[in-house]
Amino acid sequence: GCMKHPRPIVPVRYRIDRVGASAKVLSVGLDSSGAAGAPPLSDPSSMAWFNKGPQVGSQQGHVVMTGHTYHQGEALGNRLYTGAGHASGPLRKGDILRFSDKAGNTVCYRYTHSAKIWVKDYRPDSTVLYDDNGPSQLVLVACWDYKKRGGYQSRILFYGDPVA
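Residues numbered from 1 in each chain as written. Predicted model: local features only at pLDDT ≥ 70, side-chain atom pairs only at ≥ 80, totals over all residues. Heavy atoms only, no water.

> Help me understand the sheet that holds strand β7 (residues 137-147) in this model?
The strands that make up a sheet pair up through hydrogen bonds in the backbone, lying either parallel or antiparallel. Taken together, eight strands build a closed barrel; the order of strands is β1-β2-β3-β4-β7-β8-β6-β5 and the barrel is mixed. When strand polarity is set aside, the average angle formed by the axes of neighbouring strands in this sheet is 35°. Across four bridges, the pairing between strand β2 (residues 21-28) and strand β3 (residues 47-50) is parallel. Looking at β3, one finds that Leu 26 is bridged to Ala 48. (Pairing = 2+ DSSP bridges. Helix = DSSP H or I, 4+ residues; strand = E, 2+ residues; numbered from the N terminus. Axes fitted to C-alpha atoms, helices over the stretch in contact; angles between N-to-C directions.)

> Would you take a moment to explain the environment of Arg 18 for this structure?
Along the chain, the position of Arg 18 falls in the loop between β1 (13-16) and β2. A relative accessible area of 25% places Arg 18 in the partly exposed class. For the pair Arg 18 and Trp 144, spaced 126 residues apart in sequence, the C-alpha to C-alpha distance is 22 Å. (Buried < 20%, exposed > 50% of the residue type's maximum accessible area, 1.4 Å probe, protein only.)

Dropping the structure here:
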């Protein structure tokens, strides 16, 4: 179900079969802190597409998606990183992430690797997350390393390459 020649789409749904995840994708801009917005906290399964950067299916740049992690488990980030809440375990190299628009056109990315970035070490001028001009790549962001005082201390960046 992946487009053979991907073209930019506005995603409204995503699906990751092996981890049993499927939900809506919201289009968001910047949040109050100036970072890519996220789905509502009450929505543990949805993703948000950062609409100020490249579209899903773009030929260059990082397509930035955000999802939630709950410090007590059961959100998308928990499923992808540790497998919490699903018997098939965490996201594995080679897993396919599918994004579909309202017409059913589907752009796919193959998961390649993840990186943990500590909030205190993140440099906004780096291209680890935002990059409008580099190679086409999906970057899905989820919070990690929760501390009762101070909130989430790191972010897990899940990277995927386009499937053509």
